[in-house]
Amino acid sequence: MKVILVGYPASQQIVPASRYLAKKYLPGFDKHYLNYVGDISGWSRFVATYLTHLKDEKVIFALDDYLVSGFNKEVYEDLNQKVKDEVVCAKLHDTTEEEHIGYPVTTQYTIWNREFLINLLSQTTTPWDFEIHGSSIFNNLKVKSIYTVPAITYNTSSCLSSRWQGVDWKGVKQEDLKIIQNL
């Protein structure tokens, strides 16, 4: 399955670390790193256009600023099998029931029906609009989003934020930090 990871110019500083961690913890996945440059209101259109060129029925979609630290293949395979019919997405990350209900649409690691994701993106603009307005659209449709224990482990806060300086390495294993420091 393809993993589509979308970044922006400021996130490119952590892409080497993100690539290393994704290669280590998500082996066998076809990872595609996109770097969106432009007015933020064109973000959704950019991602949707990229997705239209793929042929896959399902994709994993996330922003590139989450640093993976583990993978549970059995949970992933179970969730992947359930994405069909009215179940159009399955969250692979740690979430609460309250978060799941409030935001069925997220930029966190999620398996999506690709066609549904394209349709949803075509009705939104920015990453934040995708989550907020996209969740509102989603909740008015006869579709479902599912979650369980995390299939992909990582700190669900972006490692890059205006709330702190630099990169927040929380959740990254010590053994990986040592290697990442050399990247």
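That block above? That's the structure.
Everything quoted here is computed from the prediction, not taken from an experiment.

Cut-offs and rules
- Residues numbered from 1 in each chain as written.
- Predicted model: local features only at pLDDT ≥ 70, side-chain atom pairs only at ≥ 80, totals over all residues.
- Heavy atoms only, no water.
- Salt bridge = Lys/Arg side-chain N within 4 Å of Asp/Glu carboxyl O.
- Helix = DSSP H or I, 4+ residues; strand = E, 2+ residues; numbered from the N terminus.
- Buried < 20%, exposed > 50% of the residue type's maximum accessible area, 1.4 Å probe, protein only.
- Contact = heavy atoms within 4.5 Å.
- Polar contact = N/O pair within 3.5 Å; in protein donor to acceptor, adjacent residues only side chain to side chain.
- 1 Å grid on protein atoms, 1.4 Å probe; cavity = no way out; pocket = protein on both sides within 12 Å on 5 of 7 lines; lining within 4 Å.
- Points joined across faces, edges and corners; volume = space filled by probe spheres on them.
- Nonpolar A, V, L, I, M, F, W, Y, C, P; charged D, E, K, R; others polar.

A short note on the pattern of salt bridges
- According to the stated counting rule, one finds 8 salt bridges in the structure shown.
- The salt bridge partner of glutamate 175 is lysine 24, with a shortest N-O separation of 2.9 Å. With glutamate 175 in helix α7 (residues 174-180) and lysine 24 in helix α1 (residues 15-25), this pair connects stretches of sequence that are 151 residues apart.
- Glutamate 175 gets classed as partly exposed once you look at its relative accessible area, which sits at 49%.
- Lysine 24 sits in the partly exposed class, given a relative accessible area of 34%.
- Between glutamate 77 and lysine 73 there is a salt bridge, with its nearest N and O atoms 3.9 Å apart. Taken as a pair, glutamate 77 and lysine 73 lie in helix α3 (residues 73-82) at a separation of 4 residues, close to a single helical turn.
- Under the relative-accessibility criterion, lysine 73 is labelled partly exposed at 48%.
- Taken together, the salt bridges that share partners define one network made up of Lys24, Glu175 and Asp176.

Some points on helix α5 (residues 114-121)
- In terms of residue burial, α5 counts as a mostly covered element, since 6 of its 8 residues are buried.
- Every buried residue of α5 is accounted for by Arg114, Phe116, Leu117, Ile118, Leu120 and Leu121.
- Summarising the contacts, the buried residues of α5 are in contact with α2 (43-52), β3 (58-63), β5 (87-91), β6 (110-113) and α6 (127-139).
- Sitting at the amino-terminal end of α5 is asparagine 113, which places a side-chain oxygen 3.1 Å from the backbone nitrogen of glutamate 115.

As for the layout of surface pockets
- Counted as a void, the largest pocket has a volume near 760 Å³.
- Lining the largest pocket are 32 residues, and of these Leu63, Tyr66, Thr107, Trp128 and Glu131 sit closest to its centre.
- Looking at the lining of the largest pocket, the elements with two or more residues in it are β1 (2-7), α4 (97-102) and α6.
- Among the elements that take part in the lining of the largest pocket, α6 stands out by supplying 4 residues, more than any other.
- In terms of residue class, the lining of the largest pocket is built from 13 nonpolar, 12 polar and 7 charged.

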